[in-house]
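Letter by letter, the chains look like this.
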Amino acid sequence: MASDSEAPPLSAKVVGSFAYLTIKDRLPTIITKVIDTIHRNKNKFFEEYGEDGIEAEKKAISLLSKLRNEVQTDKPILELTDGLRDLDAWNQYLQRHESLQGDKGSVSWFKSPWLYVECYMYRRIQEAIWLNPPINEFDVFNEGKTQSFFESQQATAALCTYLETAKKDKDGLSKNQLFDHFIKLLQVSLWGNKCDLSISAGQENSQKDSPLEVLANLKPFILVDDSDKVWAALMSCKSSGGTVRRVDIVLDNAGFEVVTDMVLADFLVSFGLVSEIHFHGKSFPWFVSDVTAKDFEWTIRQTMAANHKWMSKSGVQWKKYLKEGVWSYHDHPFWTQPHEFCDMLVDAPDLYTKLQGADLLLFKGDLNYRKLTGDRDWDFTIRFETALRGFEPSPICSLRTLKANVQVGLQPGQGEKLGSEEPNWMTSSKYAVIQFYDPYLEQ
Ligand SMILES: O=P(O)(O)OC[C@@]1(O)O[C@H](CO)[C@@H](O)[C@@H]1O
Ligand SMILES: [Mn+2]
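Residues numbered from 1 in each chain as written. Chains lettered and ligands numbered in written order. Predicted model: local features only at pLDDT ≥ 70, side-chain atom pairs only at ≥ 80, totals over all residues. Heavy atoms only, no water.

**Q** Would you mind going over the packing of helix H6 (residues 142-151) against helix H12 (residues 293-305) with me for this structure?
**A** Two quantities define a packed helix pair, namely the angle between the axes and the distance from one axis to the other. Taken N-terminus to C-terminus, the directions of H6 and H12 make an angle of 30 degrees; their axes are 12 Å apart at the nearest point. By the angle class used here, H6 and H12 are roughly parallel. Considering only the axes of H6 and H12, their crossing is right-handed. Taken together, the residues of H12 that come into contact with H6 (itself represented by Asn142, Lys145, Thr146, Phe149 and Phe150) are Asp295, Trp298, Thr299, Gln302 and Thr303. Its residues assigned to classes, the contact of H6 with H12 shows three nonpolar, five polar and two charged. (Axes fitted to C-alpha atoms, helices over the stretch in contact; angles between N-to-C directions. Helix = DSSP H or I, 4+ residues; strand = E, 2+ residues; numbered from the N terminus. Parallel < 35°, antiparallel > 145°, perpendicular 65-115°, else oblique. Left-handed = near helix turned anticlockwise from the far one by under 90°. Contact = heavy atoms within 4.5 Å. Nonpolar A, V, L, I, M, F, W, Y, C, P; charged D, E, K, R; others polar.)

In structure tokens form, the structure reads like this:
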């Protein structure tokens with residue numbers, strides 16, 4: 001482990017590490033599932049496009065099988081060929097790594113940074129789809145995302161009921177009561193990132209269906225809790241008056257998680273804490289469950305259409321916020337590139353400038369945390385700010401359950417103690433952090 005700015009990137013070259021196991025086992029499994037999904041949809045492609053659809057299905061599967069073989073046999077990372085708008089950025093990134101690692105062909109699945117090659121896999125999956133019209137609009141991960149939404153409908157209903165009921169009393173609220181709602185909804189959004197969605201629906205006991213009721217039990221698993229500072233940041237914007245108080249949410253997963261983000265966003269606006277929310281999503285299907293523009297719109301439509309009074313009321317409100325421009329959805333190619341966020345200022349200055357316009361940035365999920373910290377083998381106790389390495393467009397809050405072995409900002413001994421008690425504490429999503437850094441404040 002390293003404590004300086006040169007902490008090495010996590011990589012599958014460390015045999016037995018989580019990165020190694022991910023590349024060896026998990027990535028090939030994901031590609032196999034994608035192949036199965038495309039194959040299962042063969043009849044649909046035929047109905048929609050005739051023989052052209054079948055031909056495209058075959059070609060896409062053949063490209064994906066080739067990709068799986070490249071991963072499994074540690075082949076060099078190849079240039080992209082699909083001519084899309086992010087192609088140059090990806091190919092330049094490859095050249096950058098080739099010159100760092102030695103020469104052409106030296107960048108490969110097991111030898112190069114895990115963050116890079118894992119992102120690259122999702123881009124190659126997309127290349128296999130894009131190169132094959134007429135099925136080039138097909139979202140290979142759509143089924144899982146919609147299923148996750150439907151399976152968590154009871155939890156969504158409970159959350160919307162909480163929100164809409166709270167709204168009825170919002171005028172007479174004390175500051176403490178407002179703070180209490182905020183903390184609850186921030187924590188719900190945090191735990192919404194738990195990949196197995198275990199706090200959502202599908203549980204036998206209907207009492208447990210409310211994600212709000214499990215919060216107290218989950219509290220001890222929040223390893224760093226800067227929520228007071230996040231609240232103070234929101235309050236300071238409010239007191240500065242006059243200016244647009246904007247919060248940006250850099251989204252992670254569709255299904256229940258994005259619903260928790262929308263409920264939090266609704267609360268912030270409806271209770272007068274914030275006047276504008278920018279959501280940032282992905283411009284193509286990414287890391288299995290990440291939100292695209294289609295998922296975002298679909299989620300709102302489904303929430304509106306739900307056969308539940310408060311859920312549909314929330315959905316209607318969200319649609320209205322979008323229409324009025326109070327909420328807006330944004331995507332940028334940088335979010336589906338492999339860069340650490342400290343590269344953003346140079347590699348995507350337009351996005352960096354956009355983020356500077358926010359009063360608070362909420363980064364959801366594990367992958368965003370990996371990119372914030374560069375996915376490096378940091379010492380557990382180095383400061384969050386150090387790991388950000390100059391990425392400071394605005395005050396930043398990361399809401400993340402731990403699913404990868406990078407963690408900073410812990411107390412001395414805290415990580416070691418957890419490691420000795422639970423070997424997989426960094427990857428099980430049982431633990432979480434609410435970590436904050438404000439570049440405008442003296443730390
Ligand atoms: O960003 P998310 O959705 O919270 O998690 C993304 C993730 O599933 O992908 C990586 C492993 O493949 C890990 O960083 C993490 O577990
Ligand atoms: Mn994700």
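**Q** What should I look at first to understand the nonpolar core in this one?
**A** Soluble globular proteins tend to bury their nonpolar side chains together. Ranked by internal contacts, the top residues of the largest apolar core, which has 82 residues, are Ile38, Trp109, Met344 and Phe391. Here this core spans two domains, since at least three of its residues come from each of domain 1 (18-130) and domain 2 (143-437). By size, the runner-up hydrophobic cluster in this structure holds 63 residues, among which are Leu215, Trp298, Trp310 and Cys397. (Core = buried A, V, L, I, M, F, W, Y, C linked by side-chain atoms within 4.5 Å. Buried < 20%, exposed > 50% of the residue type's maximum accessible area, 1.4 Å probe, protein only. Domains from an automatic or database assignment.)

**Q** Hey, could you run me through the layout of surface pockets in this one?
**A** With a probe scaled to a water molecule rolled over the atoms, the places where space remains empty come into view. Taken as a whole, the second largest pocket holds about 330 Å³ of empty space. Along its surface, the second largest pocket is lined by 19 residues, and Pro9, His97, Leu100, Pro113 and Arg376 are the ones closest to its centre. With five residues, helix H4 (residues 87-101) is the largest single contributor of residues to the lining of the second largest pocket. Of the residues contributing to the lining of the second largest pocket, the split by class is eight nonpolar, five polar and six charged. In terms of domain composition, the lining of the second largest pocket takes at least three residues from each of domain 1 (18-130) and domain 2 (143-437). (1 Å grid on protein atoms, 1.4 Å probe; cavity = no way out; pocket = protein on both sides within 12 Å on 5 of 7 lines; lining within 4 Å. Points joined across faces, edges and corners; volume = space filled by probe spheres on them.)

**Q** Before we go on, may I ask you to explain the coordination of the manganese ion (ligand 2) in this structure?
**A** Tetrahedral coordination by four donors places them ideally at 109.5 degrees to one another around the metal; octahedral coordination by six donors ideally gives 90 or 180 degrees. Each protein donor to the manganese ion (ligand 2) is listed here as Asp252 (OD), Asn253 (OD1) and Asp290 (OD); together their distances run 2.1 to 2.3 Å. All donors of the manganese ion (ligand 2) come from a single chain, and their spacing in sequence reads D-N-x36-D. Placement of the pair is aspartate 252 in the loop between strand S2 (246-250) and helix H11 (256-270) and aspartate 290 in the loop between strand S3 (276-281) and H12, with a sequence separation of 38 residues. Take aspartate 252 and aspartate 290: they sit in the same class, and that class is buried. (Donors = N, O, S within 2.8 Å, 3.2 Å for Na, K, Ca; no water.)

**Q** Even after reading the chapter, I still don't get helix H8 (residues 175-191), so can you show me in this structure?
**A** Helical geometry: 3.6 residues make up each α-helical turn, so side chains three or four residues apart lie on a common side. An ideal rise of 1.5 Å per residue puts 24 Å on 17 residues; H8 measures up with 24 Å between its terminal C-alpha atoms. Residues Leu178, His181, Phe182, Ile183, Leu185, Leu186, Gln187, Val188, Ser189, Leu190 and Trp191 constitute the buried set of H8. (Expected span 1.5 Å × (residues − 1).)

**Q** In this structure, what is going on with the pairing of S2? I would like to understand it.
**A** Of all five residues that make up S2, five are buried, and the element is covered over most of its length. On S2, burial covers both faces: Arg246, Asp248 and Val250 on one face and Val247 and Ile249 on the other are all buried. The pairing of S2 with S3 spans five bridges and is parallel. Note on S3: the bridge partner recorded for isoleucine 249 is phenylalanine 279. Crossover handedness for the path S2 to H11 to S3: right-handed. In this structure, S2 lies alongside strand S5 (residues 360-364), joined through four bridges in parallel fashion. Each residue of the ladder has a partner; that of valine 247, found in S5, is leucine 360. (Pairing = 2+ DSSP bridges. Right-handed = clockwise from strand over helix to strand, strands pointing away.)

**Q** I would appreciate a short explanation of the side chain of glutamate 118 in the present structure.
**A** Considering the arrangement of structural elements, one finds glutamate 118 in helix H5 (residues 114-130). Apart from the residues lying within four places of it in its own chain, the contact partners of glutamate 118 are Thr22, Leu27, Phe287 and Arg370.

**Q** Explanation requested: the site of ligand 1 in the structure shown.
**A** Surrounding ligand 1, one finds 14 residues, the nearest of these being Glu118, Asp366, Leu367, Arg370 and Lys403. A distance of 3.0 Å separates an oxygen atom of ligand 1 from a polar atom in the side chain of arginine 26. The side chain of aspartate 252 places a nitrogen or oxygen atom 2.9 Å from an oxygen atom of ligand 1. Burial of ligand 1 by the surrounding chains reaches 90%, relative to a free accessible area of 390 Å². Among the elements of the structure, helix H1 (18-40), H5 and helix H16 (365-372) are those that each provide at least two residues to the shell around ligand 1. (Near = heavy atom within 4 Å. Polar contact = N/O pair within 3.5 Å; in protein donor to acceptor, adjacent residues only side chain to side chain. Areas by Shrake-Rupley, 256 points an atom, 1.4 Å probe, with all protein chains shown as cover.)

**Q** Whenever I open this one, H11 confuses me. Can you help?
**A** Under the 1.5 Å per step criterion, the end-to-end length of H11 is 21 Å for 15 residues, consistent within 8% with the ideal 21 Å. Within H11, 15 of the 15 residues are buried, leaving the element largely enclosed by the surrounding structure. Looking one or two places after H11, you find glycine 272, whose phi comes out positive at around 75 degrees.

**Q** Mind showing me how you'd approach the sheet that holds strand S6 (residues 396-401) here?
**A** Strands pair in a sheet through their backbones, by hydrogen bonds, and they do so in one of two ways: parallel or antiparallel. With mixed pairing, seven strands are arranged side by side in an open sheet as S1-S7-S6-S5-S2-S3-S4. Each edge of the sheet is formed by a strand with only one pairing partner; in this case those strands are strand S1 (222-225) and strand S4 (327-331). Shown here is a sheet whose adjacent strand axes are inclined to one another by a mean of 15 degrees, direction ignored. Pairing of S3 with S4 involves five bridges; the strand directions are parallel. The residue bridging phenylalanine 279 from the neighbouring strand is tyrosine 329, located in S4. Lying over the sheet, H8 contacts S1, S5, S6 and strand S7 (432-437), oriented at roughly 55 degrees with respect to S6.

**Q** What is the right way to look at the packing of aromatic side chains in this model?
**A** Any two aromatic rings considered together are summarised by their centre-to-centre distance and by the angle between their planes. Across all of its chains, the model carries 34 aromatic pairs by this definition. Seen from their ring centres, tryptophan 335 and phenylalanine 363 are 6.4 Å apart, and the 65 degrees between their planes marks the pair as edge-to-face. Pair noted here: tryptophan 335 is in the loop between S4 and helix H14 (344-347) and phenylalanine 363 is in strand S5, with a separation of 28 residues, a long-range link. Given the relative accessible area of 3%, tryptophan 335 is considered buried. According to the relative accessible area criterion, phenylalanine 363 is buried, its value standing at 0%. Ring geometry for phenylalanine 380 against tryptophan 425: centres 5.5 Å apart, planes inclined by 70 degrees, an arrangement best described as edge-to-face. Highlighted residues: phenylalanine 380 in the loop between H16 and helix H17 (384-388) and tryptophan 425 in the loop between helix H18 (414-421) and S7, separated in sequence by 45 residues. The pair phenylalanine 380 / tryptophan 425 is uniform in exposure class, with both members buried. Joined through ring pairs, the aromatic side chains of Tyr122, Trp130, Phe141, Phe284, Trp286 and Phe287 make up one cluster. Positioned above the aromatic ring of tryptophan 114 is the side chain of arginine 370, whose terminal nitrogen or guanidinium carbon lies 3.5 Å from the ring centre. (Phe/Tyr/Trp six-rings, centres within 6.5 Å; stacked < 30°, edge-to-face > 60°. Lys NZ or Arg CZ within 6 Å of the ring centre and 35° of its normal.)

All we've got here are geometric facts, nothing functional implied.
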